[in-house]
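# Close look at the chain arrangement
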Amino acid sequence: MTSAYRKLPAVDTLVQLLEQRFQEDSMPRHLLVNAARQSIDTARKAVTRGEEAPSTEELADVAFNQARVLGRPSLRPVINGTGVIIQTNLGRAPLSHAAIQAMEAVGTGYSNLEYDLEMGARGSRTTHVTALLCHLTGAEAALIVNNNAAAIYLTLITLAAGREVVVSRGQAVEIGGGFRIPDVLRQSGATLVEVGTTNRTYVRDYAAALSLQTALLMRIHTSNFRLMGFVHETPLHELSILGQAHAIPVLDDLGSGTLLSTQPYGLAPEPTVQESVQAGADLITFSGDKLLGGPQAGLIVGQQTLITQLRQHPLARAVRVDKTTLAGLEATLLAYLNNRAPDDIPVWRMIAAAPDQLQKRTERLVALLGSEHATVVESTSAIGGGSLPGETLPSFAIALTSQRPDKMAHRLRLSNPPVIGRIVEDRLLFDVRTILNEQEEAFIEIVRQAVLA
Ligand SMILES: *Cc1c(COP(=O)(O)O)cnc(C)c1O
């Protein structure tokens, strides 16, 4: 027993071994000491249980991996071969070059974030993007916060705390990640009044629920599922006529929200922000990093008086956005202003990619892989991000055949950069629609190693 303990190396010995292994990319010594200690501790416990002492080399392997994992960034770029364009787990919208440039320019130095250059006096951080957003949507006023969840919360707490919000039973939904409309309402201090049935809600149902306590009529875009068949949703314009007649504001949570129409791309219509403004919604909330294709943000547009109330609520400060977000958002919106969104914004470029172009790309990549295990197959891409559920775009994918596609998928997930695909039967598929052009070279190199291995 004691001799087994004695076989374990001293911490210093192991640290020296680690230093040799790391050579070029040197690691801080305390990190190596910690990793060495931990692996020796684990080994000592194993010996206590009566197991064989691992060799010094084995201990060095364990400590090396641990130190390497800690010492390199954990949040890293990945190659998205899933074909889901707005993948929340993979960071939603990739940003345009213009957005990145703007974020870098503002982030690496000082900026006029809250400084009025004309007056030489204090300015407001929200003015930068809001005029542009109003111009693009036709809304009177706008406010930018951290994300759409914050936008909804700020709106409810400001306008409906202690009062009632009328919502269709079919729209009291969970968005994902535990974000449930009924819970958010409760948290904000508002009372949810559900009207209609799961599948059919008429404007008369809302009308019957109005009381002196009613603060808002709320419509929620049921972004991640679709009801089919015997279904009726009250159109927004009918809700706003009702709201106007009773001086009750209508809040429209669009979820993804889009400034461009989806129909020209062969997709079902996704309500645009402009349409909601025209239909008379008093406040509209949507995300910056879904179909808009920008950084994470919550965009609120609508009536000036209501926006002013939101801006003045103490919570507004707690959900305000960072300067780099504002810079990226402004650059993203400028692409819409200049009619360049389908060319410059990656989300829209991917939506717009034509199937024959995707087929050519797939064929080229498969040829570069040069393996009998890699073939071209038809595939379908999805929009994701809680927009257009069930809608797909015809696409093409690289298919890798393998005895164990799950093992191959695991190996590719752990490569650098990680490559994420999807398993269909005995094949691992990579939809080229979501693989960025500048990632092709890395993709080929990594997959080639995996296929040959
Ligand atoms: C995605 C979504 C949200 C939450 O938006 P975040 O920007 O992720 O906070 C809220 N409502 C709807 C309908 C959504 O689709």
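Residues numbered from 1 in each chain as written. Predicted model: local features only at pLDDT ≥ 70, side-chain atom pairs only at ≥ 80, totals over all residues. Heavy atoms only, no water.

### Structural notes on the sheet that holds strand β2 (residues 84-86)
- Strand order in this open sheet of 5 strands is β2-β12-β13-β16-β15, and the pairing throughout is mixed. The sheet terminates laterally at β2 and β15 (422-424), the two strands that pair on one side only. The mean angle between the axes of side-by-side strands here comes to 40 degrees, regardless of whether they run parallel or antiparallel.
- One ladder, built from 2 bridges, connects β2 with strand β12 (residues 374-384); its direction is parallel. Paired with Val 84 across the strands is Ala 382, a residue of β12.
- In the packing of helix α17 (residues 355-369) onto the sheet, contacts are made with β12 and β13 (392-401), and the angle to β13 comes to roughly 10 degrees.
- Sitting on the sheet, helix α18 (residues 405-413) touches β13, β15 and β16 (427-431), and the angle it makes with β16 is about 45 degrees. (Pairing = 2+ DSSP bridges. Helix = DSSP H or I, 4+ residues; strand = E, 2+ residues; numbered from the N terminus. Axes fitted to C-alpha atoms, helices over the stretch in contact; angles between N-to-C directions. Contact = heavy atoms within 4.5 Å.)

### Some thoughts on the pattern of salt bridges
- Across all of its chains, the model carries 18 salt bridges by this definition.
- Three or more residues are tied together by salt bridges with common partners; here these are Glu 114, Arg 122, Arg 125 and Arg 320. (Salt bridge = Lys/Arg side-chain N within 4 Å of Asp/Glu carboxyl O.)

### Thoughts on a nonpolar patch on the surface
- A grouping of Phe 225, Leu 227 and Val 231 is seen on the molecular surface, where their side chains present a nonpolar patch of about 210 Å² in accessible area.
- Along the polypeptide, Phe 225 turns up in the loop between β8 (214-220) and α10 (236-245).
- The exposure class assigned to Phe 225 is partly exposed, which follows from its relative accessible area of 32%. (Patch = residues over 30% accessible without salt bridge, like charges linked within 9 Å, V, L, I, M, F, W, Y side chains within 5 Å. Areas by Shrake-Rupley, 256 points an atom, 1.4 Å probe, with all protein chains shown as cover. Buried < 20%, exposed > 50% of the residue type's maximum accessible area, 1.4 Å probe, protein only.)

### A few points about the domain arrangement of the chain
- Split into domains, the chain comes out as domain 1 (2-70), domain 2 (79-88 + 347-452) and domain 3 (95-344).
- Here domain 2 and domain 3 have C-alpha centroids that lie 33 Å from each other.
- Residue-level contacts link 16 residues of domain 2 with 25 residues of domain 3.
- In total, about 1,700 Å² of surface goes out of reach between domain 2 and domain 3, with carbon and sulfur atoms giving 64% of it.
- Contact with domain 3 buries surface across domain 2, with Trp 348, Leu 388 and Pro 389 losing the most and accounting together for 41% of the total. (Domains from an automatic or database assignment. Buried area = accessible area lost by both parts, 1.4 Å probe.)

### Remarks on the side chain of Ser 240
- With respect to the helices, strands and loops of the structure, Ser 240 is situated in helix α10.
- When residues no more than four places from it in sequence are discounted, the contact partners of Ser 240 are Val 250, Ala 279, Gly 280 and Ala 281.

### A short note on the nonpolar core
- Core analysis: the largest hydrophobic core is formed by 51 residues, its most contacted members being Ile 144, Phe 286, Leu 333, Ile 351 and Ile 383.
- Shared between two domains, this core holds at least three residues of each, these being domain 2 (79-88 + 347-452) and domain 3 (95-344).
- Beyond its immediate chain neighbours, meaning those up to four positions away, Ile 144 contacts Val 129, Leu 133, Ala 297, Gly 298, Leu 299, Val 321, Leu 326 and Leu 329.
- If you look at the next biggest cluster of nonpolar residues, it comprises 30 residues, including Ala 150, Val 165, Leu 216 and Ile 300. (Core = buried A, V, L, I, M, F, W, Y, C linked by side-chain atoms within 4.5 Å.)

### Considering the packing of helix α3 (residues 29-48) against helix α4 (residues 56-71)
- Packing of α3 against α4 leaves a shortest axis separation of 9 Å and a crossing angle of 135 degrees. With respect to their mutual orientation, α3 and α4 come out oblique. The handedness of the crossing between α3 and α4 comes out as right-handed. The segment α3 lies against α4, with Leu 31, Leu 32, Ala 35, Ala 36, Gln 38, Ser 39, Ile 40 and Ala 43 engaging Leu 59, Val 62, Ala 63, Gln 66, Ala 67, Leu 70 and Gly 71.
- Classifying every residue of the contact of α3 with α4 by side-chain character gives 11 nonpolar, 4 polar and no charged. (Parallel < 35°, antiparallel > 145°, perpendicular 65-115°, else oblique. Left-handed = near helix turned anticlockwise from the far one by under 90°. Nonpolar A, V, L, I, M, F, W, Y, C, P; charged D, E, K, R; others polar.)

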